[in-house]
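The chain contents come next:
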Amino acid sequence: MKRILFFAFLCLCVCLSAGAQALSPVTWTAYGLTFKVPKGIVVEEDTEETFLLNNSRFYITIQSLDSDGMTKSDLKSVLKDYANDDGVKDQSAVQEFELPQFFGTYLKGSCETDHCLYACLMTKAAGSGFYISIIYSKENENIAEKILKSFTMEE
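Here goes a summary of the coordinates provided. None of the values given here were measured: they were computed from a predicted structure.

1. Description of the overall build of the chain
Link 1 in the chain: Along its length, the chain carries three helices and 10 strands.
Link 2 in the chain: Secondary structure elements in the chain, listed N-terminal to C-terminal, are α-β-β-β-β-β-α-β-β-β-β-α-β.
Link 3 in the chain: Evaluated residue by residue, the chain yields a buried proportion of 42% over its 155 residues.
Link 4 in the chain: Carbon and sulfur atoms make up 54% of the accessible area of the chain, which totals about 8,900 Å².

What follows is the structure in structure tokens.
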């Protein structure tokens, strides 16, 4: 019995390790914005306005914001406006967070039959703003959060 439990534990550790390594960096070259996504995800659109990626588990949209005059305190209302315009249901409270190069806000909700994470990022240095939408199934919530927390920008 101990061998079976040990083997099961070992398999679990290997699976978790493999899942943690399943993210690889991708860059939106128009802005030098890099973040981690599941390996094999397909870039559908890469323009000055929009960076769109998807696979069977995620649908990720990133758009540049007109951030002239925008401040860190504006991020919450901008985020709520996007979520409301898109009809996001069961919205969580807006959470603030900070990355080395960004100030950010995010909320979670339901987008039709899927779950979604909406976020706004603003660079600390130049004040450039980005809107992010990650649509995912419930079992991928932790990965969606890892994607959000992986954003960096070339300086």
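2. Looking at the state of the cysteines
Link 1 in the chain: Counting across every chain of the model gives one disulfide.
Link 2 in the chain: In this model, Cys111 is linked to Cys116 through a disulfide, with the two sulfur atoms separated by 2.2 Å. Measuring the twist about the S-S bond at about 85°, one finds the Cys111-Cys116 disulfide to be right-handed.

3. Comments concerning helix H2 (residues 75-85)
Link 1 in the chain: Among the residues of H2, those classed as buried are Leu75, Val78, Leu79 and Ala83. Summarising the axial view, the buried residues of H2 lie within an arc of 130°, below the 170-degree limit, and thus occupy one face.
Link 2 in the chain: After H2 finishes, the residue Gly87 shows a positive phi value of roughly 75°.

4. What to know about unusual backbone geometry
Link 1 in the chain: With a phi close to 50°, Asp90 is a non-glycine residue in the positive phi region.
Link 2 in the chain: Of note, Asp90 is situated in the loop between H2 and strand E6 (95-98).
Link 3 in the chain: Assessed through its relative accessible area of 65%, Asp90 is described here as exposed.

5. Looking at helix H3 (residues 141-148)
Link 1 in the chain: Within the sequence span of H3, burial applies to Glu141, Ala144, Ile147 and Leu148. Taken end-on, H3 shows its buried residues confined to a sector of 115°, consistent with a single buried face.
Link 2 in the chain: Looking at the buried positions of H3, the neighbouring elements they touch are strand E2 (33-38), strand E5 (58-65), E6, strand E7 (102-111), strand E8 (114-123) and strand E9 (129-136).

6. Some details on the sheet that holds strand E1 (residues 23-28)
Link 1 in the chain: With respect to topology, three strands assemble into an open sheet ordered E1-E2-E10, the strand pairing being antiparallel. The open sheet terminates on both sides in strands that have one partner only, identified here as E1 and strand E10 (152-153).
Link 2 in the chain: Across two bridges, the pairing between E2 and E10 is antiparallel. Looking at the pairing, Leu33 lines up with Met153 of E10.
Link 3 in the chain: The sheet strands contacting H3 are E1 and E2, and the helix crosses E2 at an angle near 165°.

7. Side note on the pattern of salt bridges
Link 1 in the chain: This model, assessed by the stated rule, comprises five salt bridges.
Link 2 in the chain: For the salt bridge of Lys108 with Glu145, the shortest nitrogen-to-oxygen distance reads 2.2 Å. With a gap of 37 residues between them, Lys108 in strand E7 and Glu145 in helix H3 connect regions that are remote in the sequence.

Analysis parameters
- Counting of residues starts from 1 at the beginning of each chain's written sequence and follows it residue by residue.
- Per-residue local features are limited, in this predicted model, to residues with pLDDT of at least 70; the limit for side-chain atom pairs, both in listing and counting, is 80 or more; totals at the level of whole chains, interfaces and linings are taken over all residues.
- Note: side-chain values were computed over all heavy atoms of the structure, leaving out hydrogens and water.
- Helical segments are the DSSP runs of H or I of at least four residues, strand segments are the runs of E of at least two, and each set is numbered from the N terminus.
- Three exposure classes are used, based on accessible area relative to the maximum for each residue type with a 1.4 Å probe and protein chains only: buried under 20%, partly exposed in between, and exposed over 50%.
- The method behind every accessible area is Shrake-Rupley, applied with a 1.4 Å probe, and residues are considered shielded solely by the protein chains displayed.
- Working definition: a disulfide is two cysteine sulfur atoms within 2.5 Å of each other.
- Arc definition: directions from the helix axis to the C-beta atoms.
- What makes two residues a contact is simply this: any of their non-hydrogen atoms within 4.5 Å.
- Think of it this way: DSSP has to see at least two bridges between two strands before they count as a pair.
- Geometry is summarised by axes, namely lines fitted to C-alpha atoms with helices restricted to the contacting stretch, and by angles between N-to-C directions that run from 0 to 180 degrees.
- Whenever Lys or Arg places a side-chain nitrogen within 4 Å of a carboxyl oxygen from Asp or Glu, that contact is recorded as a salt bridge.

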